[in-house]
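Structural overview for review
In case you want the letters, here they are:
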Amino acid sequence: MSTEFDIAIIGGGNAGLTLAAQLAAQDNPPTTVVIEPQTVEQRDCSWSLWAEDHQSEQLTHSTKGRWHRWQLIDDTSRVIHNSKQYSYLSLSSADYLLGRGAQLRDPVSVVEDSVTALHRQQQQTIIETEKGRYSAKTVYDSRPPKIAEDGLRQHFLGWHILSKEPIKDPHVATLMDFRVDQSQGLHFIYALPFSDHHLLIESTLISASLQPQDWYRNAIEGWLRVNNIEVEEIISEEMGVIPMDTLITDASSSATSSEQPLIANIGAASGAVRRSSGYAFQHIQQQISQLASGIAEGNMAVPTPISSRLTAMDRIFNGVLLNRPDLAVSLYMRMAKALTGDQFARFMLGQASLSDWLRVIAAMPKMPFLKQTAELIAKQVAEKLSRA
């Protein structure tokens, strides 16, 4: 096998393998290697998204569950959304990635290896790995992003369980149930019924600090008791951390001149995670589709996954979450009550119309957001002055 390539993709996740598959489908694919240390089965987890029918059909082979109804719950109310236009999907990451891997063909391939260092040369980048060395004219790095120590995170631990008795309302996905301990940050239970006996339950916390694993497990056990669900079997456990704040970028990323080889982040590492919700699948898919089209035309630059305007709005929202934790639950419930199912899905997808935005803005408390906006503007002005 050659060790010299046009493109090296570090990481074989959603961004990495999707890009490889789209490059392999081109008439004249660039020589490409995906460098990934683990098998897709070792990394299997649940990915969720809202999708219209045509995309839902495309993802059927990797779909574990599909719902047209979802709910948000707090201590005093319950909001149930129905949508004819959108489905809420839960995917098996392993099944999705196996499907993308099956689409690869020469000269696009995957090697099981771990990258240890990158060395930019004049015309190429040398990629040091645990098993050897590769070189590539362009490197796309999709490894998990680094988050500032005090940065906002969405972190969770979840169980796949089988219940002894049938689950109530198996056709409704619970996106947020806030009837849990709120002392450590914005905390909610996320529950997806795949059948009347199979359920995924995640204890999810939005904060800057992670908790011991038993903290999340205890929250899950408490929620199961309150909902009178007896566990027959815990099938598996999964956990994760999703960035909801500014990422720390590697100084070696991106070329400093047009004559240097490109090293660029893609996927979550490039900011493809929606800061106010943690959803990333659709943004990654859109970015990679645009990138693959650009590469076919000789443009290797990575498209911005989320607009600066939407990122700014999310920064303001997250700022209010951090500074006014007493309002956190009500912000999500107000938004849910202000929107229909279709509008809510569009908002989460980053495709909200002006009318959708006006509904959300009208439902929010004004002073905390005005104060946060002023602080953000002042911070940006100070940063510009410091660079002048």
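Our subject is the structure listed above.
Quick summary incoming for the structure in this document. What you are looking at is a predicted structure, and each value in this text was computed from that prediction instead of being measured.

1. Topic: the nonpolar core
Counting residues in hydrophobic clusters, the biggest one holds 48 residues, and the most contacted among them are Trp-50, Tyr-88, Tyr-332, Met-335 and Phe-344. Sorting elements by how many residues they give to this core places helix 7 (residues 328-338) first, with seven residues. If we ignore the near neighbours within four places in the chain, the residues touching Trp-50 are Gln-55, Trp-70, Tyr-86, Ser-87, Tyr-88, Leu-175, Tyr-279, Gln-282, Phe-344, Ala-345, Met-348 and Leu-349. The next biggest cluster of nonpolar side chains, apart from the first, holds 36 residues, and it includes Ala-15, Leu-19, Ala-21 and Ile-266.

2. What about the pattern of salt bridges?
Summed over the entire model, instances satisfying the criterion amount to 13 salt bridges. When the shortest N-O distance is used, the salt bridge between Arg-66 and Glu-57 registers 3.4 Å. Looking at Glu-57, the relative accessible area reads 52%, which means it is exposed. Across the salt bridge formed by Glu-128 and Arg-133, the nearest N and O atoms sit 2.7 Å from each other. Several salt bridges converge on common partners, so that one network encompasses Asp-53, Glu-57 and Arg-66.

3. Some points on the pairing of strand 10 (residues 125-129)
As a general feature of sheets, a regular strand has side chains that alternate between the two faces. Counting buried residues along strand 10, five of its five residues qualify, which places the element largely inside the surrounding structure. Burial of strand 10 is two-sided: the residues Thr-125, Ile-127 and Thr-129 facing one way and the residues Ile-126 and Glu-128 facing the other way are all buried. Pairing of strand 9 (residues 115-120) with strand 10, which is carried by five bridges, proceeds in the antiparallel orientation. Bridged to Ala-117 within strand 10 is Glu-128. Between strand 9 and strand 10, which follow one another and run antiparallel, lie four residues. Sheet analysis places strand 10 next to strand 11 (residues 133-141), joined by four bridges and oriented antiparallel.

4. Let's talk about the side chain of Gln-71
Its location among the elements puts Gln-71 in strand 5 (residues 69-73). With a relative accessible area of 7%, Gln-71 lands in the buried category. Side-chain polar atoms of Gln-71 contact the side chain of Arg-78, separated by 2.9 Å. With residues near it in sequence (within four places) discarded, Gln-71 still touches Arg-78, Val-79, Ile-80, Val-172, Ala-173, Thr-174, Leu-175 and Met-176.

5. Details of the packing of helix 1 (residues 14-24) against helix 5 (residues 281-296)
In the contact formed by helix 1 and helix 5, the axes pass within 9 Å of each other and the chain directions differ by 35°. Considering the relative orientation of helix 1 and helix 5, their crossing is right-handed. In this structure, helix 1 uses Asn-14, Ala-15, Thr-18, Leu-19, Gln-22 and Leu-23 to contact helix 5, whose residues at the interface are Phe-281, Ile-284, Gln-285, Ile-288, Ser-289, Leu-291, Ala-292 and Ile-295. For the contact of helix 1 with helix 5, the residue count by class is nine nonpolar, five polar and no charged.

6. Some thoughts on the sheet that holds strand 15 (residues 186-193)
The strand order across the open sheet formed by seven strands is 6-5-14-15-16-13-17, and the pairing between neighbours is mixed. Two strands lie at the open edges of the sheet, namely strand 6 (78-82) and strand 17 (231-243), each paired on one side alone. The average undirected angle you get between the axes of adjacent strands in this sheet is 15°. By the bridge criterion, eight bridges tie strand 15 to strand 16 (residues 198-207) in an arrangement that is antiparallel. By the bridge assignment, Leu-192 is partnered in strand 16 with Leu-200.

7. Re the sheet that holds strand 4 (residues 63-67)
The strand order across the open sheet built from three strands is 3-7-4, with neighbouring strands paired in antiparallel fashion. Each of the sheet's edge strands pairs with one partner strand only, and the pair in question is strand 3 (46-52) and strand 4. On average, adjacent strands in this sheet sit at an angle of 25° to one another, irrespective of strand direction. Note that strand 3 and strand 7 (residues 86-92) share seven bridges and pair antiparallel.

8. Points about unusual backbone geometry
The omega torsion of the bond from Asp-106 to Pro-107 falls at 10°, within 30 degrees of zero and hence cis. The topology assignment puts Pro-107 in the loop between helix 3 (93-101) and strand 8 (108-112). Even without being glycine, Asp-169 reaches a positive phi, approximately 55°. Tracing the backbone through its elements, the reader meets Asp-169 in the loop between strand 13 (153-163) and strand 14 (173-177). Positive phi values are uncommon outside glycine, yet Asn-228 reaches one of about 55°. Of note, Asn-228 is situated in the loop between helix 4 (213-226) and strand 17. Residue Asn-228 is classed as exposed on the basis of its relative accessible area of 69%.

9. Here we look at helix 6 (residues 308-323)
Across its 16 residues, helix 6 extends 22 Å between first and last C-alpha, which sits within 8% of the 22 Å expected from 1.5 Å per residue. Within helix 6 the residues assigned to the buried category are Leu-310, Thr-311, Asp-314, Ile-316, Phe-317, Asn-318, Gly-319, Val-320 and Leu-321. Contacts from the buried residues of helix 6 go to strand 15, helix 7, helix 9 (354-363) and helix 10 (366-387).

10. Things to note about the packing of aromatic side chains
Per the stated rule, a full pass over the model turns up 18 aromatic pairs. With centroids separated by 4.7 Å and ring planes inclined at 65°, the aromatic side chains of Trp-50 and Tyr-88 adopt a geometry described as edge-to-face. Of this pair, Trp-50 sits in strand 3 while Tyr-88 sits in strand 7; the two residues are 38 residues apart in sequence, bridging distant segments of the chain. Residues Phe-317 and Phe-369 carry aromatic rings whose centres are separated by 6.3 Å and whose planes lie at 40° to one another, so their mutual orientation is tilted. Of this pair, Phe-317 sits in helix 6 while Phe-369 sits in helix 10, placing them 52 residues apart in sequence.

Rules behind the numbers
Residues numbered from 1 in each chain as written. Predicted model: local features only at pLDDT ≥ 70, side-chain atom pairs only at ≥ 80, totals over all residues. Heavy atoms only, no water. Core = buried A, V, L, I, M, F, W, Y, C linked by side-chain atoms within 4.5 Å. Buried < 20%, exposed > 50% of the residue type's maximum accessible area, 1.4 Å probe, protein only. Helix = DSSP H or I, 4+ residues; strand = E, 2+ residues; numbered from the N terminus. Contact = heavy atoms within 4.5 Å. Salt bridge = Lys/Arg side-chain N within 4 Å of Asp/Glu carboxyl O. Pairing = 2+ DSSP bridges. Polar contact = N/O pair within 3.5 Å; in protein donor to acceptor, adjacent residues only side chain to side chain. Axes fitted to C-alpha atoms, helices over the stretch in contact; angles between N-to-C directions. Left-handed = near helix turned anticlockwise from the far one by under 90°. Nonpolar A, V, L, I, M, F, W, Y, C, P; charged D, E, K, R; others polar. Expected span 1.5 Å × (residues − 1). Phe/Tyr/Trp six-rings, centres within 6.5 Å; stacked < 30°, edge-to-face > 60°.

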